[in-house]
Amino acid sequence: MLPQLDTVSFDDALPLALLSTSEYGPKLARETRLALRVLAAAPAGSDGGDPQLLRLEAKLDLALELALFGRHPETPACRACRLGLAEIVWLQDEAAGMGDALLRLSPNPDSALTLFLPVAVSASQEDGRTLVRARLGASFDDSTRDAWEKWVFRRHREAIRQQS
């Protein structure tokens, strides 16, 4: 069982993996900012919308996915996780390193859209497994933080709607 977080959060099974911080650079930071803009945008069809605009959006989504599959052909394994405004937690069978790392997270298991987030990792043993906590503290500038928060709040509200 995953621990409760101090902020709004949601649970999902998402592809994620911890990488070395040496893999992080301006290209991945820019890619993450752009991906968060896509995630923070209003979901397709949320306002009924013009059919032509929805068709154009679907074409752009397809082009984005094709380009990203070429860039990130392999996806990490899906893990049950809890995502909040300031941290992400999950359980894994293998031990986890502590300290600074790069979290690779796909916000949808069926998508090549990928976030690369610098995190501070802590780990503890829980019921024979490793509980990993990835703190997002310095991952975002102001505009990127706003996009992350919009996405987490949207997913949090969706989870509440599904429970009722």
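Residues numbered from 1 in each chain as written. Predicted model: local features only at pLDDT ≥ 70, side-chain atom pairs only at ≥ 80, totals over all residues. Heavy atoms only, no water.

Details of the pairing of strand E1 (residues 9-19)
Here E1 pairs with strand E2 (residues 78-84) via seven bridges, running antiparallel. For Asp 11, the partnering residue across the bridge sits in E2 and is Arg 82. Taken together, the four bridges between E1 and strand E4 (residues 99-105) define a ladder with antiparallel strand orientation. In the strand pairing of E4, Ala 17 is matched with Arg 104. (Pairing = 2+ DSSP bridges. Helix = DSSP H or I, 4+ residues; strand = E, 2+ residues; numbered from the N terminus.)

Regarding the packing of helix H1 (residues 26-40) against helix H3 (residues 142-163)
Two packed helices can be described by the angle between their axes and the distance between those axes. Relative orientation of the contacting elements H1 and H3 amounts to 40°, with a least axis distance of 8 Å. It follows from the interaxial angle that H1 and H3 lie oblique. The crossing of H1 and H3 is left-handed. Here H1 contributes Arg 33, Leu 36, Arg 37, Leu 39 and Ala 40 to the contact with H3, which in turn contributes Thr 144, Ala 147, Trp 148, Lys 150, Trp 151 and Arg 154. Within the contact of H1 with H3, the residues separate by chemical class into six nonpolar, one polar and four charged. (Axes fitted to C-alpha atoms, helices over the stretch in contact; angles between N-to-C directions. Parallel < 35°, antiparallel > 145°, perpendicular 65-115°, else oblique. Left-handed = near helix turned anticlockwise from the far one by under 90°. Contact = heavy atoms within 4.5 Å. Nonpolar A, V, L, I, M, F, W, Y, C, P; charged D, E, K, R; others polar.)

Structural notes on the pairing of E2
Sheet topology note: the E2/strand E3 (residues 87-92) ladder contains three bridges and is antiparallel. Across the sheet, the residue bridging to Arg 82 is Val 89, located in E3. Hairpin connection from E2 to E3: two residues lie between these consecutive antiparallel strands.

Examining the side chain of Arg 155
Within the secondary structure layout, Arg 155 lies in helix H3. Arg 155 sits in the buried class, given a relative accessible area of 16%. (Buried < 20%, exposed > 50% of the residue type's maximum accessible area, 1.4 Å probe, protein only.)

Observations concerning the environment of Glu 31
By the element assignment, Glu 31 lies in helix H1. Residues Glu 31 and His 156, spaced 125 residues apart in sequence, show a C-alpha to C-alpha distance of 24 Å. Here Glu 31 is in contact with Leu 68, Arg 71, His 72, Thr 114 and Phe 116, once residues within four sequence places are set aside.

Some details on a positive patch on the surface
Taken together, the side chains of Lys 27, Arg 30, Arg 33 and Arg 37 make up a positively charged region of the molecular surface. Tracing the backbone shows Arg 33 in helix H1. (Patch = residues over 30% accessible without salt bridge, like charges linked within 9 Å, V, L, I, M, F, W, Y side chains within 5 Å. Areas by Shrake-Rupley, 256 points an atom, 1.4 Å probe, with all protein chains shown as cover. Salt bridge = Lys/Arg side-chain N within 4 Å of Asp/Glu carboxyl O. Lys, Arg positive; Asp, Glu negative; His and termini not counted. Charge placed at Lys NZ, Arg CZ, Asp CG, Glu CD.)

Some remarks on the layout of surface pockets
By volume, the second largest pocket amounts to about 150 Å³. Every residue along the wall of the second largest pocket is listed here: Gln 4, Thr 7, Ser 9, Phe 10, Asp 11, Arg 82, His 156, Ala 159, Ile 160 and Gln 163. Mapped onto the lining of the second largest pocket, the elements with two or more residues apiece are E1 and H3. The dominant element in the lining of the second largest pocket, judged by the number of residues it contributes, is H3, at four residues. Among the residues forming the lining of the second largest pocket, the class breakdown is three nonpolar, five polar and two charged. (1 Å grid on protein atoms, 1.4 Å probe; cavity = no way out; pocket = protein on both sides within 12 Å on 5 of 7 lines; lining within 4 Å. Points joined across faces, edges and corners; volume = space filled by probe spheres on them.)

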